[in-house]
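Residue-level structural notes
Here is how the chains run, residue by residue.
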Amino acid sequence: MNREKTVLVVVAHADDMEFMAAGTVARFIDERHYPVYEYILTDNSKGSYRLSGPELAEVSAREAVEAGQLLGLQELRLEGYPDGELNLVSPNTLRDKIMAFIREIKADIVMSWDPFAPYEDHPDHRAVAMATLEAAAFSGNPLFHPEHLYEPHFVAEAYWFAKVPTNDADCYVDIEAAIDKKIHALLLHECQMDLTVDALLQEARTIGADLPIFNDLTPEVRNQLIEAGIRNFCAETAQAKGLAFAERFRYEKFGMLDKLFGMDLVQPDLV
Ligand SMILES: [Zn+2]
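These lines cover the structure that appears in this document, whether it is placed above or below. (Residues numbered from 1 in each chain as written. Predicted model: local features only at pLDDT ≥ 70, side-chain atom pairs only at ≥ 80, totals over all residues. Heavy atoms only, no water.)

Glancing now at the overall build of the protein. When you go through the protein residue by residue, the secondary structure sums to eight helices and seven strands. Rg of the C-alpha trace for the protein: 19 Å, near the compact-globule value of 18 Å for 271 residues, within the 12% margin. Each principal axis of the C-alpha atoms in the protein carries an extent, and together these give about 60 × 45 × 30 Å. Going through the 271 residues of the protein one by one, you find that 50% of them count as buried. Roughly 13,200 Å² of accessible area belongs to the protein as shown, and the carbon and sulfur atoms make up 54% of that amount. Side chains of the protein give 24 positive and 46 negative charges; the mean places of these two sets differ by 4 Å. (Helix = DSSP H or I, 4+ residues; strand = E, 2+ residues; numbered from the N terminus. Rg over C-alpha atoms; globule rule 2.2 N^0.38 Å. Buried < 20%, exposed > 50% of the residue type's maximum accessible area, 1.4 Å probe, protein only. Areas by Shrake-Rupley, 256 points an atom, 1.4 Å probe, with all protein chains shown as cover. Lys, Arg positive; Asp, Glu negative; His and termini not counted. Charge placed at Lys NZ, Arg CZ, Asp CG, Glu CD.)

Put into C-alpha cells, the structure is as follows:
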C-alpha cells in the first residue's frame, strides 16, 4: 500500500534529530517526498560551555533553521521551554501540545526518543519521549483534548531512537545515500558541535588523557572529529545488517488491524 505519509519528529534539543535520525529523515524527504515536520520543545539554552543561555538560545535557533532548510523540512517549530527543565512542564501539557501538532498536520509517522530505552540520562529526552508516545497513541481519540481546533487523527507508526537501544530495536535504515547530508546538517549546529568537543576536552582533562588532537581545536579540526565520530557510529550500527551506514530504531505500529487480520497492512518504508 503505497501512499504519501506525513512525518513528525519530536525532540527536546536542536541537534537531537540530526544526531539520531537525520539520515532517515533525508531519505523520507528526498526519496519518498514525504513532508517532514520537526518540533523542538526546548530553547537549547543549557547547551554550551561558552555562551550565556540567552545568547545560546538565539544562535541555536538560527542554526536549527539552517539545518532544517538543508534537509528540506516542511516546517520547523520551536516551542522554547527552558532547556533541562521539561520535567517542570506537566506531562499532560506536553502531550496536549504534541497531540495538537499531530492532528494539525495529520501525522502518519512520529519519530522521537524511545520512551522505554534504558540508561537515558537526559530528563528532557525522557519527558519528550513519553509525551510523544502518549500523544501518538491517543491522538485518534475524540475525547482527548476535544478543544483542539483539529480533528482527531490516528497515528500508524513510530520510529523510536535511543543512545542505548532496546534489544527489539531491529529497524535498521540504510543511510549510505544520506550520510553526507546527515553530517552536513549536524555540522550546521556549530554551537552544539562546540559543546560536543568542549565536553570531550573536559572529560580528557579530568581523566588525565593526553590526546594531541585537543591541543589545537580549530573549527576545522572540530568538524573532522565529529564527522569521523558519526561515520564510525553509523558504520558500527550498520554492521549487524551488512550495510555501510545505518540508523537504528525501535519501530512500532499503533492500532490492531494487523493483529486482527494477521496481515502487514502497515509496513516500514525504508527497510
Ligand atoms: Zn538532546
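Having put the structure on the table, let's press on.
Backbone geometry at Lys106 places phi at a positive 55°, although glycine is not the residue there. With respect to the secondary-structure elements, Lys106 resides in the loop between helix H3 (91-105) and strand S4 (109-113). The backbone phi angle of Tyr119 is positive, close to 65°, even though this residue is not glycine. Relative to the helices and strands, Tyr119 is located in the loop between S4 and helix H4 (123-138).

Coordination of the zinc ion by the protein is provided by His13 (ND1), Asp16 (OD) and His125 (NE2), with metal-donor distances spanning 2.0 to 2.1 Å. Taken in chain order, the donor set of the zinc ion reads H-x2-D-x108-H. By relative accessible area, His13 is classed as buried at 6%. Judged by its relative accessible area of 5%, Asp16 falls in the buried class. (Donors = N, O, S within 2.8 Å, 3.2 Å for Na, K, Ca; no water.)

Bringing the side chain of Asp16 into the picture now. Following the sequence through the fold, Asp16 ends up in helix H1 (residues 16-30). Lys163 provides the closest opposite charge to the buried, salt-bridge-free Asp16, at an N-O distance of 7.9 Å. Separated by 3.2 Å, the side chain of Asp16 and the backbone nitrogen of Ala12 make a polar contact. (Salt bridge = Lys/Arg side-chain N within 4 Å of Asp/Glu carboxyl O. Polar contact = N/O pair within 3.5 Å; in protein donor to acceptor, adjacent residues only side chain to side chain.)

What follows is about the packing of aromatic side chains. Following the criterion strictly, the structure yields eight aromatic pairs and no others. When the centroid spacing of 6.0 Å and the interplanar angle of 80° are considered together, the rings of Tyr37 and Phe101 count as edge-to-face. Here the residue Tyr37 occupies a position in strand S2 (residues 36-42), and Phe101 occupies one in helix H3, the gap between them amounting to 64 residues. For the ring pair Trp113 and Phe161, a centre distance of 5.0 Å and an interplane angle of 70° mean the geometry is edge-to-face. Taken together, the positions of Trp113 in strand S4 and Phe161 in strand S5 (residues 157-161) put the pair 48 residues apart, joining distant regions of the chain. Neither residue differs from the other here; Trp113 and Phe161 are each classed as buried. Members of the aromatic cluster, each reached through a chain of ring pairs, are Phe28, Tyr34, Tyr159, Phe249 and Tyr251. We note Arg77 situated over the ring of Phe101; from NZ or CZ to the ring centre the distance is 3.8 Å. (Phe/Tyr/Trp six-rings, centres within 6.5 Å; stacked < 30°, edge-to-face > 60°. Lys NZ or Arg CZ within 6 Å of the ring centre and 35° of its normal.)

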